[in-house]
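Take a look at the letters that make up each chain.
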Amino acid sequence: MAAPDPQQAADPAAVKRHPALFRAIRKRQNPRLRRTDITVTDDAAVKRAVKAASLGNAMEWFDFGIYSYLAVTIGHVFFPSGNDTTQLLSSFATFAVAFLVRPLGGMFFGPMGDKVGRKKVLALTMILMAVGTFAIGLIPSHDTIGVWAAVLLIFFRMLQGFSTGGEYGGASTFIAEYAPDKRRGFFGSFLEFGTLAGYVGAAGLVTALYALLNDAQMEAWGWRIPFLVAGPLGLVGLYLRLKLDETPAFQKLEGGTAHASEAADGVEATAKGDLAKIFRQYWPTLILCICLVGAYNITDYMLLSYMPTYLSDELGYSETHGLLILLAVMVFLMAIISQVGKLSDRFGRKPLLMTGMLGFLFLSLPAFLLIRVDGILPITIGMLMLGLSLVCMLGTMSAALPALFPTNVRYGSLSVGYNLSASIFGGTTPLVITALISWTGSNLMPAYYAMAAALIGVIAVACMKETAQQPLIGSPPSVETDEEAAELVQAQSPEPKF
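Residues numbered from 1 in each chain as written. Predicted model: local features only at pLDDT ≥ 70, side-chain atom pairs only at ≥ 80, totals over all residues. Heavy atoms only, no water.

Asker: Go over the overall build of the protein with me, naming the residues and quoting the values.
Answerer: Helix and strand content of the protein: 25 helices and two strands. Expressed as a percentage of its 498 residues, the buried residues of the protein come to 56%. In the protein, once contacts between residues fewer than 6 apart in sequence are set aside, the share between residues at least 24 apart is 83%. Surface accessibility of the protein: about 20900 Å² in total, with carbon and sulfur atoms responsible for 65%. (Helix = DSSP H or I, 4+ residues; strand = E, 2+ residues; numbered from the N terminus. Buried < 20%, exposed > 50% of the residue type's maximum accessible area, 1.4 Å probe, protein only. Contact = heavy atoms within 4.5 Å. Areas by Shrake-Rupley, 256 points an atom, 1.4 Å probe, with all protein chains shown as cover.)

Asker: Just give me the short version of the nonpolar core, but keep the residues and values in it.
Answerer: Among the nonpolar cores identified, the biggest contains 116 residues, and Met 330, Met 383 and Leu 401 are the most heavily contacted of them. A total of 16 residues in this core trace back to one element, the largest contributor, which is helix α18 (residues 283-314). Those residues in contact with Leu 401, other than ones at most four positions away along the chain, are Tyr 168, Cys 289, Leu 292, Val 293, Leu 414 and Tyr 418. (Core = buried A, V, L, I, M, F, W, Y, C linked by side-chain atoms within 4.5 Å.)

Asker: Could you give an account of the pattern of salt bridges, naming the residues involved and the relevant values?
Answerer: For the structure shown, the criterion picks out three salt bridges. Residue Asp 43 pairs with Lys 47 through a salt bridge whose shortest N-O separation is 3.1 Å. Of the two residues, Asp 43 and Lys 47 both sit in helix α4 (residues 43-69), four residues apart, roughly one turn of that helix. Ionic pairing is found between Asp 181 and Arg 184, a salt bridge with its closest N-O pair at 2.4 Å. In this structure Arg 184 comes out as buried when scored by relative accessible area, which is 3%. (Salt bridge = Lys/Arg side-chain N within 4 Å of Asp/Glu carboxyl O.)

Asker: Could you give an account of the confidence of the model for the protein, with specific residues and numbers?
Answerer: When the pLDDT values of the protein are averaged, the result is 79; 82% of them are 70 or greater. Helix α20 (residues 349-371) holds the highest mean pLDDT among the elements of the protein, 95, whereas helix α16 (residues 262-265) holds the lowest, 40. Every residue in residues 1-8 scores below 50 in pLDDT, and together they form 13 contacts with partners more than four places removed in sequence or on other chains. With pLDDT under 50 throughout, residues 255-273 is counted as low confidence; its partners more than four residues away or in other chains account for 39 contacts. (pLDDT = per-residue confidence, 0-100.)

This is how it looks when you write it as structure tokens:
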């Protein structure tokens, strides 16, 4: 948070009497930049950071996504009540359970990352997610062990959620603090590229299984395959993360000798995980973060997680039908997401986020009316309308959110704010929508729910400050070349007086 202006805080009469004194105070509080203050990024170091965060994110969301796409089958295997809606509600309630423990994961892994290192924590979250997902694939069905099947499912879902709580805040902060100020949106967009890649991998595998196996085979053993695949994938992800170098900033924090680029020198790693301080001093920004993430997560999970279930369970299409269309939409979003990141660098975070929120506010109802029309073309157009609105947020949010908080509390604040919002709004989205449809009998409830979320998002975006092309709060400017650094220093020099 910027230091208060002494001239605004002091008595105006005193400022008038002692102008030189107050000028000196302002200079001391806001000293002129020196060349050594400015971070010149190492392009290779930035790309390594982006690759590490994005690959890990893809692995995490592959594991998380397969549960969403198998929700109907899982309902039949673990909650055999005889009522399809009850089964689906039970399955989505178990999906939501993982989100309840995400804030605990964020509070646990954030401070740990500052104590034992980013690399070890990233490896640990990878192991926990892989173990949780692999174990779900081994759980006996309700027919075999009764209610204990559901108990074990809930336990391992909570393990998944706990590990995911340590992922987003650290990964987005990692990329944001490495990236140059003018390209933070572009590099940040690759984090969500990883999210989409994980979802695409999960949707592709589940689609193939639905196409190759009949319902009886899927419920008997086919549903287990994607979960069991997570074991080997987890080992691959663990290998990739352990091969990474520890962040040079953390090496310096430990007092080790780090051969770091200037990009790494510019990264602060002094957060102490003081949760009381975050809630006490930064609660307005925390509320803003929760509102932004809530609007974004409701629309995100509605499209990327819930939509195949909506098409099959509410509109009567086959599971393969919905997944194939969603798969095509997600591949299209992957193709354009980095361009959206570039646009956010050029035009600002607020215009892109506002475009996405307004898109959901005004296009959700027309999109769902199209989705209800029988035929692949209207369904695809409807989902593309929602997808284009979503990608405006996907490609921008990972650069916008870390910039809300100062460096010394960024990791902890973002982890708390993001995961609180994700647990309250994101994970409950399929459950709430299914319940609303059941209570009202209207298949348009997802559209109304998305519109309500988007309205809150519009207000939140209007309240946030523009952060594109600006240094992160509490961090020095970050540029790509020595020439840019020299220009920044020169721009602060007073014009010579003759």
